[in-house]
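# Per-entry structural report
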There are 2 protein chains.
Amino acid sequence: MSTTPLATTRRATITDVAREAGTGKTSISRYLNGEMSVLSPELRARIEAAIERLDYQPNQMARGLKRGRNRLIGMLVADLTNPYSVEVLQGVEAACHALGLMPLICHAANEVEMERRYLQLLTTYRVEGVIVNALGVREETLRPVGDGGIPAVLVDRSVEGLVADMVGLDNRAAAELGTRHLLDNGFDDIWFVVQPFEQVSSRQLREAAFREVMSGAGAKGREGGLGGKGEGSRTGSKGGALGHTLVLNLAEPAAVERALAELDRAIDAAGGPRGAVANATGNAGRSAARSATDNATGNAIDSATGKPRRIALFAANAPVALCLALHLKARYGADWQARVALLSIDDPEWAELTGVTTIRQPTYEIGYRAVEFLHERIEGVQTTARDCLLPGELIVRASTSR
Amino acid sequence: MSTTPLATTRRATITDVAREAGTGKTSISRYLNGEMSVLSPELRARIEAAIERLDYQPNQMARGLKRGRNRLIGMLVADLTNPYSVEVLQGVEAACHALGLMPLICHAANEVEMERRYLQLLTTYRVEGVIVNALGVREETLRPVGDGGIPAVLVDRSVEGLVADMVGLDNRAAAELGTRHLLDNGFDDIWFVVQPFEQVSSRQLREAAFREVMSGAGAKGREGGLGGKGEGSRTGSKGGALGHTLVLNLAEPAAVERALAELDRAIDAAGGPRGAVANATGNAGRSAARSATDNATGNAIDSATGKPRRIALFAANAPVALCLALHLKARYGADWQARVALLSIDDPEWAELTGVTTIRQPTYEIGYRAVEFLHERIEGVQTTARDCLLPGELIVRASTSR
DNA sequence: CTGTTAGCGCGTTCAG
DNA sequence: CTGAACGCGCTAACAG
């Protein structure tokens, strides 16, 4: 098209302002940096006027080039689709605002390649620090960050081989809280559903804590379920209560289907509705599954009491919970919650709507603290890597109570 | 990993590389810019090695400073909490990736002051363009953008007094689609619920289209509802069907409560469950409301047929829909959908879960197109401001069908 | 108090 | 093909 890519109006530079104000660039620079005390009120007024007249705005790029710091920090988010991330972001933004930082938000969209690319981009833009909610990968792609590289703080999960500050949920306590809640409410067949562990520490920790509580003192756990690449379930028990771990690889529809099928068998085996009134609730005609008395898994009936087990699902995070809820609804109809309880870490907006019990993470504070840590790091703090574990809050809803 | 990482994070500069490669900066620069044809293979190899050895990464800031373009564009999002925004973002990112742009995502979090601040920040960082999903404000804060300023393209809504490309949903068609769907399915008492119009064109357009369809040929609309500052409802009718507009100011709890109260009266007045089987569905004991035969509004019974009206809510977007759903569930229990149908523009993740009918926006494409427009603008295209209206897709779910 | 002089890291003539 | 020199917009000494 037009050969002149030049904008209609080239933005004014510091030189323009100096000329307009009839002075040198230095005074302008001083004015911009708030060194008012060293400027005569008269000059100051002229500068002010010139700036106003030219609609001048200092070029942060040039400024950063000279000064060596551009007040930019990178915020690498693994998955913005996860409400957790957006909430953390709010905290990050607030903190940045307070500290005069400008967050560059980068969204890896669950793609390792994106993560790598953005990280590289961030360093070429010479951000002063990075707060990263990493994908489950090796430290490889995070090379430029951390130790020898630019300051970094991890969010939600730590990365193997990378020493850096980390702030996130107290996974251990949260998983215990949830498990105990389910146990206390009489559920004795609990399935912990989680995405592939890979390198994601938070998933590992949550599952480990769950398993630990389930196995209790006299652990008689065993490995079970489908064999093969990472799928399948671990099983343990405590005081007659059964605990299983199910891996749900959301990225692979086929794997999801297989895992859900296993779950279905367990639910069907658990038999009838969980409550007394439940049967009256049939929004009939939808339910695809029969109230099967099929006892294939052998876990449906408590061998001691002879009563049918009460089954509950413990989702390791919101995406998993959503996947489960959608499936259960499709299979058991709108009234699926009468058949199986659902508890989830993370508190998505639809939780209240569907009455699902959750453990809400202190997302805002996580984001805020992360920036504070990073800021200290940027300012030169050299202490050893710190961990900040914040507690989750159990929000009991209809799904798991009565 | 041969050489020791330099002490104080001192990144290698082009000069370092030149020295290391035993050549001048120019050659390095050429290498970086892919002008391989003018470099002897031998020199090229040396440069490559030097870069590798020093882990050199060009400084985009300095580069941009010189070249005048830094490949940065701003993406100003009004509310990341709205899934719509995140989805649009995906499209934006994909397009940026394809075009070699780097999006700086700024989240105004519904605060006008934030919007202003970020816009200013973006210009000081000399972004080459901005794609903005503006808050409902006057063109004032968008001054630096558009006409005389940096290229901009609007998303979802246009801004009064600001001429720029715009890409978004075909609001008119979408609202018609939804309204007709409700009408066709026998709903004859339809409430269009929308956030305050303010300067948000999309809300205005949606409501206008709704009203137009409802008033049909023989329009006998009237203004009604609570008086006062922007609250209240407009009422119109078509072929015996009633159409109301309810403004829901989500930012003000008190206003929300008042508006919802008005809605409740209408729903109560509409009387019993909407379907034949509905009564059998009572997840009883929860429903706070009685199957009131109260006829206060006078609209509950069709004066012609004498039959109770079938009431439906048409939410102008997802946040509104969520607010409505939460309220309805709290008031009428888990089975609220038996009493009132809900249709929403936007297709949040919980829609499928709750069976709410929606009109899904082509969010990804909206984002993608926005960047394409912006890119053209950046490259100097000078055509008059364009509008790109993309169609929405009706997704019928249980809520509104049978 | 104020102007002058160097660069920051890089791209771009323009002569070798 | 290569390198020296200049300047982008701005800040930081260093003199007046």
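Let me begin by describing the structure that accompanies this report. All of these numbers come straight from a predicted model, not from anything done at the bench.

## Description of the environment of Ala12 of chain B
- Checked against the element boundaries, Ala12 of chain B lands in the segment before α1 (14-21).
- A relative accessible area of 8% means that Ala12 of chain B is categorised as buried.
- Taking C-alpha positions, Ala12 of chain B is 8.5 Å from Pro58 of chain B, a pair spaced 46 residues apart along the chain.
- Not counting the four nearest positions on each side in its chain, Ala12 of chain B is found in contact with Arg126 of chain A together with Leu54 and Tyr56 of chain B.

## Quick word on the relation of the copies chain A and chain B
- Here chain A sits on chain B after a turn of 180° about the axis and a move of 0.0 Å along it, with an RMSD of 0.1 Å. Such a combination of turn and shift is consistent with a two-fold rotation axis.

## Some words on the protein's contact with DNA strand D
- Near DNA strand D you find 25 residues, and of these Ile14, Lys25 and Tyr56 of chain A together with Thr23 and Thr26 of chain B are the closest.
- The separation between a base nitrogen of DNA strand D and a polar side-chain atom of Thr26 of chain A is 3.1 Å.
- Between DNA strand D and the protein, one listed contact pairs a phosphate oxygen with a side-chain N or O atom of Tyr56 of chain A at 2.6 Å.
- Where the surface near DNA strand D is concerned, the elements lending two or more residues are α2 (25-32) and α4 (60-67) of chain A together with α2 (25-32) and α4 (60-67) of chain B.
- Counting residues per element, the surface near DNA strand D draws most heavily on α2 of chain A, which supplies four residues.

## A look at the protein's contact with DNA strand C
- In the vicinity of DNA strand C there are 24 residues, among which Thr23, Thr26, Ser40 and Lys66 of chain A together with Ile14 of chain B approach most closely.
- For DNA strand C, the fraction of atoms within 4 Å of the protein that belong to sugar or phosphate moieties is 58%.
- Ile14 of chain B places a main-chain nitrogen or oxygen 2.2 Å from a phosphate oxygen of DNA strand C.
- Note that a base nitrogen of DNA strand C is positioned 2.9 Å from one of the side-chain N or O atoms of Lys25 of chain B.
- Those elements that provide at least two residues to the surface near DNA strand C are α2 and α4 of chain A together with α2 and α4 of chain B.
- Here the surface near DNA strand C gets four residues from one element, more than from any other, and that element is α2 of chain B.

## With respect to the environment of Phe192 of chain B
All names here are of chain B.
- Relative to the helices and strands, Phe192 resides in strand β6 (residues 189-194).
- Between the C-alpha atoms of Phe192 and Ala315, which are 123 residues apart in sequence, the distance is 6.0 Å.
- Contact partners of Phe192, with chain neighbours within four places excluded, come to Arg206, Glu207, Phe210, His244, Thr245, Leu246, Phe314 and Ala316.

## Notes on the side chain of Ser202 of chain B
Residue and element names in this part refer to chain B.
- Tracing the backbone shows Ser202 in helix α8 (residues 201-215).
- With a relative accessible area of 2%, Ser202 lands in the buried category.
- Of note is the side chain of Ser202, whose polar atom sits 3.1 Å from the side chain of Asp156.
- Setting aside its immediate chain neighbours within four residues, Ser202 contacts Asp156, Arg157 and Asn171.

## Considerations on the interface of chain A and chain B
- Each partner contributes residues to the interface: chain A has 62 residues there, and chain B has 59 residues.
- Summed over both sides, the interface of chain A with chain B buries roughly 5,600 Å², with 60% coming from carbon and sulfur.
- Of all residues in chain A, the largest losses of buried area upon contact with chain B belong to Met61, Tyr125 and Leu353 of chain A, amounting jointly to 14% of the total for that side.
- Across the contact surface, chain A and chain B share zero salt bridges.
- Our enumeration of links across chain A and chain B arrives at 16 residue pairs in polar contact (both at pLDDT 80 or more).
- Elements represented by at least two residues in the side of chain A that touches chain B include exactly α4, α5 (83-99), β2 (102-107), α6 (112-124), α10 (318-332) and α11 (349-354) of chain A.
- The element best represented in the side of chain A that touches chain B is α6 of chain A, accounting for eight residues.
- Of the residues assigned to the side of chain A that touches chain B, the class counts are 31 nonpolar, 20 polar and eleven charged.

## Comments concerning the pattern of salt bridges
- Throughout the structure, instances matching the rule amount to 48 salt bridges over all chains.
- Between Arg180 of chain A and Glu176 of chain A there is a salt bridge; the shortest N-O distance is 3.7 Å. Remark: Glu176 of chain A and Arg180 of chain A occur in helix α7 (residues 171-184); sequence separation between them is four residues, near one turn of the helix.
- Residue Arg180 of chain A is classed as partly exposed on the basis of its relative accessible area, which comes to 40%.
- One salt bridge connects Arg53 of chain B with Glu20 of chain B, and the closest N-O pair in it is separated by 2.4 Å. Of this pair, Arg53 of chain B sits in helix α3 (residues 41-54) while Glu20 of chain B sits in helix α1; the two residues are 33 residues apart in sequence, bridging distant segments of the chain.
- According to the relative accessible area criterion, Arg53 of chain B is partly exposed, its value standing at 36%.
- On the basis of relative accessible area, Glu20 of chain B is assigned to the partly exposed category, the value being 35%.
- Linked by salt bridges that have partners in common, Arg69, Arg71, Glu128 and Glu379 of chain A make up one network.

## Considering the packing of helix α7 (residues 171-184) of chain B against α8 of chain B
Residue and element names in this part refer to chain B.
- One can describe the packing of α7 onto α8 by two numbers: an axis separation of 8 Å at closest approach and a directional angle of 40°. With respect to α8, the element α7 is oriented oblique. Our pair here, α7 against α8, has a crossing hand that is right-handed. Here α7 contributes Asn171, Arg172, Ala175, Glu176, Thr179, Arg180 and Leu183 to the contact with α8, which in turn contributes Ser202, Leu205, Arg206, Ala209, Phe210, Glu212, Val213 and Met214.
- Here the contact of α7 with α8 is built from residues that sort into seven nonpolar, three polar and five charged.

## Side note on unusual backbone geometry
- We note that Asn110 of chain A has phi near 65°; this positive angle belongs to a residue other than glycine.
- Within the secondary structure, Asn110 of chain A sits in the loop between β2 and α6.
- Residue classification places Asn110 of chain A among the partly exposed positions, given a relative accessible area of 48%.
- In this model, Arg71 of chain B sits at a positive phi of 65°, which is unusual for a non-glycine residue.

## Some points on the side chain of Asp264 of chain A
Residues and elements named next belong to chain A.
- The topology assignment puts Asp264 in helix α9 (residues 253-270).
- For Asp264, a relative accessible area of 7% corresponds to the buried category.
- Polar contacts involving the side chain of Asp264 include one to the side chain of Arg331, which spans 3.4 Å.
- The residues contacting Asp264, other than those within four sequence positions of it, are His327, Arg331 and Tyr332.

## Focus on the packing of aromatic side chains
- Counted under the stated rule, the structure contains eight aromatic pairs over all chains.
- On the basis of an interplanar angle of 90° and a centroid distance of 6.3 Å, the ring pair of Phe210 of chain A and Phe314 of chain A is categorised as edge-to-face. Of the two residues, Phe210 of chain A is situated in helix α8 (residues 201-215) and Phe314 of chain A in strand β10 (residues 311-315); the sequence distance between them amounts to 104 residues. Of the two residues examined, Phe210 of chain A and Phe314 of chain A, each falls in the buried class.
- Taken together, a centroid distance of 5.0 Å and an interplanar angle of 25° make the contact between Phe192 of chain B and Phe210 of chain B stacked. You can see Phe192 of chain B sitting in strand β6 and its partner Phe210 of chain B sitting in helix α8, a full 18 residues away along the chain.

What counts and how
- Residues numbered from 1 in each chain as written.
- Chains lettered and ligands numbered in written order.
- Predicted model: local features only at pLDDT ≥ 70, side-chain atom pairs only at ≥ 80, totals over all residues.
- Heavy atoms only, no water.
- Helix = DSSP H or I, 4+ residues; strand = E, 2+ residues; numbered from the N terminus.
- Buried < 20%, exposed > 50% of the residue type's maximum accessible area, 1.4 Å probe, protein only.
- Contact = heavy atoms within 4.5 Å.
- Least-squares fit on C-alpha atoms with pLDDT ≥ 70 in both.
- Near = heavy atom within 4 Å.
- Polar contact = N/O pair within 3.5 Å; in protein donor to acceptor, adjacent residues only side chain to side chain.
- Buried area = accessible area lost by both parts, 1.4 Å probe.
- Salt bridge = Lys/Arg side-chain N within 4 Å of Asp/Glu carboxyl O.
- Nonpolar A, V, L, I, M, F, W, Y, C, P; charged D, E, K, R; others polar.
- Axes fitted to C-alpha atoms, helices over the stretch in contact; angles between N-to-C directions.
- Parallel < 35°, antiparallel > 145°, perpendicular 65-115°, else oblique.
- Left-handed = near helix turned anticlockwise from the far one by under 90°.
- Phe/Tyr/Trp six-rings, centres within 6.5 Å; stacked < 30°, edge-to-face > 60°.

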